[in-house]
Amino acid sequence: MTNARKLTLNDPALLTQNCLIGGRWVAADGDNGIAVRDPYDGALIALVPRLGAPALDDAVAAAKAAMPAWARRPAKERAAILRRWYDLIIDNTEDLAQILTAEQGKPLAESRSEIVSNAAYLEWFAEEAKRVEGDFMAGPNPTQRILVMKQPVGICAAITPWNFPNGMITRKAGPALAAGCAMILKPASQTPLSALALAVLAERAGVPAGIFSVITGAAQEIGAAITSHPDIAKISFTGSTEVGRWLIKAAADQIKRLSLELGGNAPFLVFDDADLDAAADGALLSKFRNAGQTCVCANRIYVQQPVVEAFTEKLQQRMAGLRLGRGTDPGVNVGPLIDERAVLKMQEHVDDALANGAVLRLGGKRSALGSTFYEPTLITGATQAMKVSREETFAPLAAIIPFKDEADGVAMANQSEFGLASYFYARDIGRIFRVGEALEAGMVGVNTPAIANEMAPFGGIKQSGIGREGSKYGIEEYLEIKYLALGGI
């Protein structure tokens with residue numbers, strides 16, 4: 001590909017266009033590949049293989065051959081390899097950030113943060129590998145004992161999204177490999193290069209051939225092959241609720257283990273006793289991280305009526321300082337949306353809100369920077385009936401919705417099929433406990449917009465998913481419980 005944009009990297013080998021399948025690096029077949037383009041201007045970066053079910057069969061065969069030895073290795077040895085993988089990611093943060101920004105568009109500072117903070121999942125699960133514990137207990141009569149053990153669930157498949165192409169991998173591969181499983185990864189077609197770079201570093205770290213494979217290609221074909229393959233025991237997926245529903249149905253015949261982190265529509269409540277400056281800072285960080293393209297970003301901003309105008313003015317002042325642009329340019333803190341379809345959805349939500357009585361305070365139009373840019377937009381007077389309240393916008397649109405009292409705010413926040421994340425700002429300790437317990441979400445940020453880290457169980461309730469990633473609970477998703485009934489004692 002002579003016309004592809006060149007990236008300046010300290011280690012050019014990290015920008016690979018080949019897939020890793022069972023220890024073999026597989027190239028695209030001529031020009032029959034998937035074009036990876038910079039969302040800033042559409043420039044071609046790479047052409048990765050367009051693989052399908054046969055490639056998955058090869059990866060499963062390699063995993064099936066390699067996993068017994070991997071599972072038998074002492075946990076301390078698996079932990080050492082995961083730790084080396086973590087160290088290599090940290091050592092190559094700048095190159096990985098350049099690759100991530102090129103294919104996804106987010107500012108370099110956010111790319112670096114994603115890489116470092118999510119590499120921590122490998123460090124965490126390297127340690128958790130040594131803490132997989134069982135039980136030994138008395139049986140129902142004096143001659144019996146019960147031995148409970150935990151074993152790897154089997155070969156796992158992961159399907160990851162484009163918005164966090166590094167982070168969504170390490171938090172799945174880390175616990176899988178720590179538990180003794182093999183993992184086959186299908187990254188998003190828009191952002192496969194970060195996954196392939198991680199595969200390069202995994203191989204260097206000593207992850208055995210077949211234990212971690214990366215396949216790029218047609219999502220529907222590979223997804224169908226994953227759900228129907230008899231040797232794949234578990235699927236971990238991050239993406240839309242619609243695809244999650246399909247995976248549940250498709251995997252039902254074989255009753256595969258599922259971990260699903262699905263859509264969100266996070267409420268962000270500001271009560272009249274809140275620190276409004278802290279709340280405005282938190283709303284800015286939560287709403288506009290990755291240009292609003294996160295499953296846990298503030299989507300519906302509810303503000304108690306006595307402080308609506310004061311909070312809105314503070315948020316508007318902060319939004320006015322946001323700078324749109326190419327993610328590699330200095331001072332840029334909001335990059336492009338992933339594609340023009342995302343821009344059209346944002347425009348649809350803005351138009352719907354304004355047509356139904358909302359007031360435009362800032363932005364409200366496409367940017368002259370290009371077809372994937374939309375100005376950070378603030379509207380007030382939004383209602384529960386508007387699309388911005390009912391659908392996940394996934395774009396830089398902040399909608400202010402007033403509420404009367406605590407019960408009203410909580411009821412409005414819970415009026416959604418989604419239950420991934422919620423946020424609220426308040427100082428009254430009683431209110432903090434009441435609201436924290438009442439909000440229907442798997443994660444609640446109280447006076448903070450930062451809820452994701454390797455020590456916390458990340459995941460949702462309702463239509464936002466099944467299972468948890470990170471924390472001591474995350475490795476349990478990759479383990480089966482077996483017990484031995486010991487007699488004749």
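These figures come from a predicted structure and were not determined experimentally. Every chain's residues receive numbers from 1 upward, in the order its sequence appears when written. For a predicted model such as this one, the threshold for reporting local features is a pLDDT of at least 70, and the threshold for listing and counting side-chain atom pairs is 80 or more; totals across whole chains, interfaces and linings nevertheless cover every residue. Hydrogens and water are ignored here; the side-chain numbers use all heavy atoms of the structure.

S.K.: Looking at this model, I keep getting lost on the packing of helix α7 (residues 219-228) against helix α8 (residues 241-251). Mind explaining?
M.R.: The geometry of a pair of packed helices is captured by two quantities: the angle between their axes and the separation between those axes. Interaxial angle, 0 to 180 degrees, is taken between N-to-C directions of lines fitted to C-alpha atoms, where a helix line uses only the stretch in contact. Only DSSP runs of H or I covering at least 4 residues are called helices, and only runs of E covering at least 2 are called strands; the numbering of each starts at the N terminus. At a minimum axis distance of 8 Å, the contact between α7 and α8 shows a crossing angle of 40°. As the angle between them shows, α7 and α8 are arranged oblique. Note on packing geometry: the crossing formed by α7 with α8 is right-handed. Here Gly223, Ala224 and Thr227 of α7 come into contact with α8, specifically with Trp246, Leu247, Ala250 and Ala251. A class-by-class count of the residues in the contact of α7 with α8 yields five nonpolar, two polar and no charged. An angle counts as roughly parallel when it lies under 35 degrees, as roughly antiparallel when it exceeds 145, as roughly perpendicular when it falls between 65 and 115, and as oblique in every other case. By the definition used in this description, the sense in which the near helix is turned from the far one sets the handedness, with an anticlockwise turn below a right angle giving left-handed and a clockwise turn giving right-handed. Contacts are residue-level and defined by heavy atoms, with any inter-residue pair within 4.5 Å sufficient. Any residue that is not Ala, Val, Leu, Ile, Met, Phe, Trp, Tyr, Cys, Pro, Asp, Glu, Lys or Arg is counted as polar, Gly included; the first ten are nonpolar and the last four charged.

S.K.: Would you take a moment to explain the environment of Asn10 for this structure?
M.R.: Position of Asn10 among the secondary structure elements: in the segment before β1 (19-21). The exposure class assigned to Asn10 is exposed, which follows from its relative accessible area of 69%. Each C-alpha atom of the pair Asn10 and Glu94 lies 8.4 Å from the other, and the pair is 84 residues apart in sequence. Remark: exposure states derive from per-residue accessible area (1.4 Å probe, protein chains only) relative to the maximum for the residue type, with buried under 20%, exposed over 50%, and partly exposed in between.

S.K.: What is the right way to read the pattern of salt bridges from this model?
M.R.: Pairing is possible between side chains that carry opposite charge, provided their charged atoms lie close to one another. The rule for a salt bridge is simple: a side-chain nitrogen of Lys or Arg has to be within 4 Å of a carboxyl oxygen of Asp or Glu. Counted according to the given criterion, the structure contains 32 salt bridges. Residues Asp281 and Arg318 are paired through a salt bridge, measuring 2.5 Å at the closest nitrogen-oxygen approach. Note that Asp281 is positioned in helix α9 (residues 276-288) and Arg318 in helix α10 (residues 308-320), a separation of 37 residues in sequence. Its salt-bridge partner being Arg431, residue Glu406 comes within 3.0 Å of it at the nearest N-O pair. Residue Glu406 is found in helix α13 (residues 406-413), and its partner Arg431 is found in helix α14 (residues 429-438); the two are separated by 25 residues along the sequence. Of the two residues examined, Glu406 and Arg431, each falls in the buried class. Among the charged side chains, a salt-bridge network with shared partners connects Asp272, Asp273, Glu406, Arg431 and Arg434.

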